[in-house]
Structures are given as structure tokens and as C-alpha cells.
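Residue-level structural notes
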Amino acid sequence: MTAKEGLGTVPSSRRGSAVAIVGGGIAGMVAAYELMRLGLRPVIYEAGWIGGRLRSHRFEGVDGDIVAELGGMRFPASGRLFWHYAELLGLHRQPFPNPISEAAGRTTVELLGKLYHGHCLDDFPSSFTHIMQAWHQALNADGQMDRLQQAMREQRVADIKEIWNDLVRRWDDRTFYDFLCSAPAFAELPYEYKETFGQIGFGTGGWDSDFQNTMLEIFRVVFSEFDSHQYMVSGGAQQVPCGLWNHRVASTDPGLDRLSLKTLNGGAPHGKVRRISRHPDGDRFIVENEWGMAESYAAVLVTCQSWLLTTSIEVEEGLFSDRLWMALDRTRYMQSSKTFALVDRPFWKNPADPVNAHPLSMTLTDRLTRGTYLFEYGMERPGVICLTYSWMGDALKMLPLSIEKRTRLSLASLSKIYPHVDIASHIKSNPVTISWELEENFLGAFKGALPGHYRYNRIMYTQFDQRNFPKQERGIFLAGDDVSWTPGWAEGAIQTALNAVWGVLQHLGGESAADNPGPGDMLAEIGPLDL
């Protein structure tokens, strides 16, 4: 967590030094904000929009708090770094309508042609409870979940390391599906129970799109409670990075104090980066945008998705080791697709509507739509329906289709579940959709680590500590959720941003605050196991 007086200090001779930030998502904006507090001058390069995959679409002519969250939309209460910056900006949160949650009110599950409805787990078939119990038994038997979470609550670092390092050694090369098949709690259950778990899951929905990922990734999400107690940012998550862009910063450099990142950057980012290279003097860097504007920097902090470093940005090869290049290229991204519609009102809550006994509700299904979410802003105001939220193969089914085709397919699937509900008649304006793998500046939703990828992840995650690096590899730092251990979560992106800020601080001769040792200062003690 950040200390009140900041993360540390840089020598007075280094104050005002320019640092290039490649990418204006949450990692880039947090890093820029903290670097400016240190008295440095962050210059932000962004190819698209401030916010990255925190992208809140505002429907034309509708009040600002009604949005479609095309990227990150639910944030766990345990994500303290994310909520630190949201609260700094005076933003508010509200419970996210996950399946079988109080915020959802009511959940509909359709599986293998059978319909189930309920407000809580007890309303559903007993098999659902058996699956949930088996899941928790497996996590405790093979993952020591309760023991580890208790150690985390009590901040017993040695115990956390002992438990987690053992899991790393045992599960680095094994998949999530392997875990289910080998867990005694699931081995005693029929195959259909694993199938149901994959289709609808518990907490945020189905898990089957993660079945091929390393089990370590699932352990991290579950043990950190990222998949439970989730909230949404009222008015849209993009307000966090945009708020940091506009927020006046209390800087240790009088020349920067009370300026915003927007003001410091002349009102706009510097555009898309075309090339990053070492300056002829051997110490600085040259960053060139796509139109040929080239500037020199004391350091560079790269927060864009790692594939862009080999597909879109010409990066001098000697800036990274061969091992790091391998890790960056082996990053594997997951696909994701969403389609939203603005509707005239939250008609699903109006009992006067001529609907059947089971009106539209939060829906999990094995049909094309997979997950359907409902968002309301008052009975007399428009509402928003996320018609479909799907992953991997289900998302790829939508990839070549137009927004109109995606919408009609989604409505057709939902009509099989709700034959008496005419959703289309309530749609007010053109729907909006996203497939992150089609976005040339992203190439995918987020990383999904495969078995054996722990070593790659460790190389990327610890790259911020460059004290033992050869000189030619120092001064350029990586951050972002695909560098983190928790891909797809803003919390992981912010953590890596703060790590990289420490790296820049150390590179420029600075030091951490006495009462707030930095990640590099603690790396030997609490850093990830080296396999």
C-alpha cells in the first residue's frame, strides 16, 4: 500500500527527470501518478483511450452514470489497491449482480434444457449444493485454502510462503481440469457434476473456459477472494484511470506540485509508440511515436500487453534478455466477448408487465449467451442488459459477426429461456459490443497462464528489480496485468505498476520511505519461489 508521504524520494538532481509511460490503462495511470508524486515528469503514450481495458461506454444522450462496461466491470473487496485509488478520487461502489447474490435478486440457470430459478443456493437442486461443497473440500484437501487464508488474514508471511511454495512445486505443470479430476471430493461425483461446475460454477459463473489453465492461477484468484464479494464502480470503472489523469498531484517537485497528469502532458497523451531504443549516450532512452516525434527519457515504463512489443512496437532487442523475450512471447491471451443493449427501463422488475411466472433475471446458460447480466438505475430511467458475456471458444463464435448479428443471436438464445419476454421491444438505441482479440492494441482480453508458465511469469514479474542486470538491460520496466500473477484483475496491474515505480526510483538513485519498504527491498524475503 502507498504511504501518505509517498513511495520514497529521488535525489534532488533527478527531480523533474522525464519518464516515458507506454500505455494509459490503470497500470500506466497509477505509475504516472506515483512517479509525479516523487517529483518526476511522466510522459504518457496511449494509442487509443485513457483507461485501456477499463472501458466504460456511455450511451448517447443518457445520463453519465448509465454505462456498459466493455472491459473490467467487477472488482473484489479484497482489491485494496484498486479501491485505494477509487476512494482517492471520491468514487463510490455498489454490489455487482453476480449469480445467486443479493445484488442479482434472482438468478435463472438453464442447463441441458432444464430451467432452475432462485434467489439463494437453497432454491436450486441439491446437486448444486453438493458441487459447491465438493469444490470447497477439494480446495482445502489439495490447496489448504482455510489454512492459507487464515495465515493471510494474520499476515504470517513465513506460513504463507511455506504453504504457497509447496503448491507451486506440486501444481505448476497441472491444469485446473486435472485438479477437478484428481480431487477425491469430485472423483466420487458423477461426470455431470463436473460438467455443471464448468457451465455455471459458483461466485462469478462458469469455470470451463479456465479448465486448461494452470491450477496455480485458479488458486490465486480463489485464495485472494477475487471471485467473491465483488463490486462495480458507480458511473463506470474508467473513471479511475481518467480520474488519475485529471487529478491534481501533490508532488515533491515545486515545479510539478498541484498539476495534473493531463496538464503536464499538454492536455493529451503522446499517441502510439512506434519505436523504443537506447540513446547513443548509453544511459537514456529514445521513444518515438507513430508520427516520428522522438524524445529522450531517463527511464521507460511499458504497461501495454506484452505481445505488442513484438508486433506493434519496434523494441531494440538488447533492452531485454533472451529469456525475457521468450517469456513475453509465450504469454497466452484469453478471448472475451460482450454485447450490451440499452433498454427503456428495468422492465424485468415491473410486475405489471405481461410476462410469464419467471421474468427476465440474471441468467447462466449453456447456450451461446452463457452469462446475461441486468443493471438498473431507477424504475423511471433506462436500464442496461449485458446480453452475452462469454469466453474462449464461446467468444470466438461471435468473432466474425456484426453487432446486429450478435444481438439477434443473443436475443434468439434468450427467447428459448424466456419465451414470453420480448426483450427487443425495450431496446432504445444501437447495442454495443467488444471482442478484445480484435482490438489491435490489445490482441486479447488478458493472459491465461498454461501449465509450466510459472517460470515465464516469474521472469516478467520480477523484472522491476534490475540491480543485478547488465547495464544495457536497465532502465526499461514492465507492468500491467499480463506481467502480474493475477491476469485480468486491476489489482494485479496496479501491484506491478507500484513495483515498477520502485524500479524507476532505484534506477535513478532514490530510496524507499523509511516506514514503507518497497517491493525490491522485500523481494528476497517474500518474493516468488525460483523453480
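Residues numbered from 1 in each chain as written. Predicted model: local features only at pLDDT ≥ 70, side-chain atom pairs only at ≥ 80, totals over all residues. Heavy atoms only, no water.

1. A look at the pattern of salt bridges
Tallied over the entire structure, the rule returns 22 salt bridges. The partner of D159 in a salt bridge is R156, and the shortest N-O contact between them spans 2.3 Å. Assessed through its relative accessible area of 26%, D159 is described here as partly exposed. With relative accessibility at 30%, the residue R156 sits in the partly exposed group. Shared partners join several salt bridges into a network, and the residues in it are D208, R370, D394 and K397. (Salt bridge = Lys/Arg side-chain N within 4 Å of Asp/Glu carboxyl O. Buried < 20%, exposed > 50% of the residue type's maximum accessible area, 1.4 Å probe, protein only.)

2. Looking at the pairing of strand β14 (residues 285–289)
Of all five residues in β14, four are buried, a share of seventy percent or more. Relative to β14, strand β13 (residues 273–278) runs antiparallel, the two sharing five bridges. Looking across to β14, one finds that R275 is bridged to E288. Connecting the antiparallel pair β13 and β14 is a turn made up of six residues, with G282 showing a positive phi of about 85°. Examined bridge by bridge, β14 and strand β15 (residues 294–297) share four bridges and lie antiparallel to one another. Residue pairing for β15: F285 is matched across the bridge by Y297. (Helix = DSSP H or I, 4+ residues; strand = E, 2+ residues; numbered from the N terminus. Pairing = 2+ DSSP bridges.)

3. Comments concerning the sheet that holds strand β3 (residues 41–45)
Taken together, four strands build an open sheet; the order of strands is β3-β2-β16-β25 and the sheet is parallel. This sheet does not close on itself; its edge strands, each paired only once, are β3 and β25 (476–478). Here the strands of the sheet are splayed against their neighbours by 20° on average, with no regard to which way each runs. Sheet analysis places strand β16 (residues 299–302) next to β25, joined by three bridges and oriented parallel. Considered in β25, the bridge of V300 is made with I476. Helix-sheet contacts for helix α17 (residues 490–507) involve β2 (18–22), β16 and β25, and the interaxial angle to β25 is about 165°. (Axes fitted to C-alpha atoms, helices over the stretch in contact; angles between N-to-C directions. Contact = heavy atoms within 4.5 Å.)

4. So, the nonpolar core
Judged by nonpolar contacts, the single largest core of 65 residues is most densely connected at W135 and F219. When neighbours within four sequence positions are excluded, F219 is seen to be in contact with L139, D142, G143, W164, L167, W171, F179 and S224. Counting residues in hydrophobic clusters, the runner-up holds 50 residues, among them F75, L91, L301 and A493. (Core = buried A, V, L, I, M, F, W, Y, C linked by side-chain atoms within 4.5 Å.)

5. Regarding helix α13 (residues 322–330)
For α13, the full list of buried residues reads L324, W325, A327 and L328. The buried residues of α13 occupy one face: seen down the axis, they fall within an arc of 160°. Of the exposed residues in α13, those oriented more than 90 degrees away from the buried face are D322 and R323. Packing partners of the buried residues in α13 comprise α12 (308–311), β17 (314–315), α16 (454–461) and β25. (Arc of directions from axis to C-beta.)

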